[in-house]
Amino acid sequence: MSDFNKFGISQEDSVQLGIFRFIAGLITPPIEIVDIAHKPYTEIYTFKDDGVYADINITFNGKGKISQISNNTKTGISELGIRIKEILSPLKGKQFSSKKEEVSPQKLKEISFLFYDFFISLKNILSKKGIESTLTRIEDYCFTISFSSQSNGTCVFRMYFNSKQEITKAAAVNENDNKVLCSIIRNAMQAIKDKGSEPQEKSSSSNNLIQDIPASPYSKMEDVEFVEDDEPPFSF
C-alpha cells in the first residue's frame, strides 16, 4: 500500500497524498487498497478483503479538510463497507493542505546558525525513520516544522525562541490527533537537547538517536520546554 504512484497520486498533490498516507496507516492486512478513483473533491477508494470489495467515498472541501466518509459500494452496503467506514472514521475532520507550504531552511541561518543546525540534525535523524520534516513558517520568535510519516500521519511543532536566540519551547500543535508521531518527534528533539548539555566526547549512552547527532554546541537548548500548543494549528 506504500506505492502511491501506482494509484495515480502525485507527490506534489498534498491532499491526495495526505489522505492516502493516513488511510495506509489505518488499514491492516488482510484488507488492502486495490484502486483509487480521483474525482473533484472526492477520492473513491476500493478495498478488498478475502474476495469481497467495498467502495468508500472520501469527500473534502477546497481547503483539503475531510467533510464526509460514505459507502459507495455498487452492490449495496456490505459488512466489509461498514467495517472499513468505521476504521476510517478518524479521517473525518482532518485537513490536508491543497497548497504546499515550505520555507527554505537557509532562512533559519538569518536568525541563528544554531536553529539551522538544529533543524538539519532533526531532519537527518527522522529521515532514517521514514519521517519527512518540512520548515513551513518563520515568525517573530517562532518557527514551525511539519512532520509527515506514511505510517503515522502528520504533526506540527512550533519552536519558540527568545531575543537571545535560545529555543525556549517546543510546542506540539496537534498532540491529541497524533500522539505516536508527536512522541517520536519529541524524543528526537530531547536527544538533541541531551547531546547539547553533554561534553563533546563520544556519548556512552545507548540511545541511538544521540549517536546520530553530529557534535555541535546545543547548550542553549538546556532549558527547552516540551508542551502541547493550545493555539489553532496552521494548515499544512
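Parameters and conventions
- Residues numbered from 1 in each chain as written.
- Predicted model: local features only at pLDDT ≥ 70, side-chain atom pairs only at ≥ 80, totals over all residues.
- Heavy atoms only, no water.
- Phe/Tyr/Trp six-rings, centres within 6.5 Å; stacked < 30°, edge-to-face > 60°.
- Helix = DSSP H or I, 4+ residues; strand = E, 2+ residues; numbered from the N terminus.
- Lys NZ or Arg CZ within 6 Å of the ring centre and 35° of its normal.
- Buried < 20%, exposed > 50% of the residue type's maximum accessible area, 1.4 Å probe, protein only.
- Pairing = 2+ DSSP bridges.

Enquirer: In this structure, what is going on with the packing of aromatic side chains? I would like to understand it.
Expert: The geometry of two aromatic rings is summed up by the distance between their centres and the angle between their planes. Across all of its chains, the model carries 10 aromatic pairs by this definition. Here F113 and Y116 contribute two aromatic rings whose centre-to-centre distance is 5.7 Å and whose plane-to-plane angle is 45°, an arrangement assigned as tilted. Pair noted here: F113 and Y116 are both in helix α4 (residues 113–127), with a separation of 3 residues, about one helical turn. Put simply, the rings of F115, Y141, F143 and F161 touch in pairs and so form one group of aromatic residues. When the ring centre of Y116 is taken as reference, the NZ or CZ atom of K109 above it lies at 4.4 Å.

Enquirer: Before we go on, may I ask you to explain the pairing of strand β7 (residues 153–161) in this structure?
Expert: Regular strands have side chains that alternate between both faces of the sheet. Of all 9 residues making up β7, 8 are buried, and the element is well covered by its neighbours. Here 8 bridges tie strand β6 (residues 142–149) to β7, and the two strands are oriented antiparallel to one another. Bridge assignment links T144 to a residue of β7, and that residue is R158. Bridging between β7 and strand β8 (residues 167–172) involves 5 bridges; their strand directions are antiparallel. The partner of F161 across the bridge, within β8, is I167. Between β7 and the antiparallel strand that follows it, β8, lie 5 residues; Q165 among them carries a positive phi value of about 60°.

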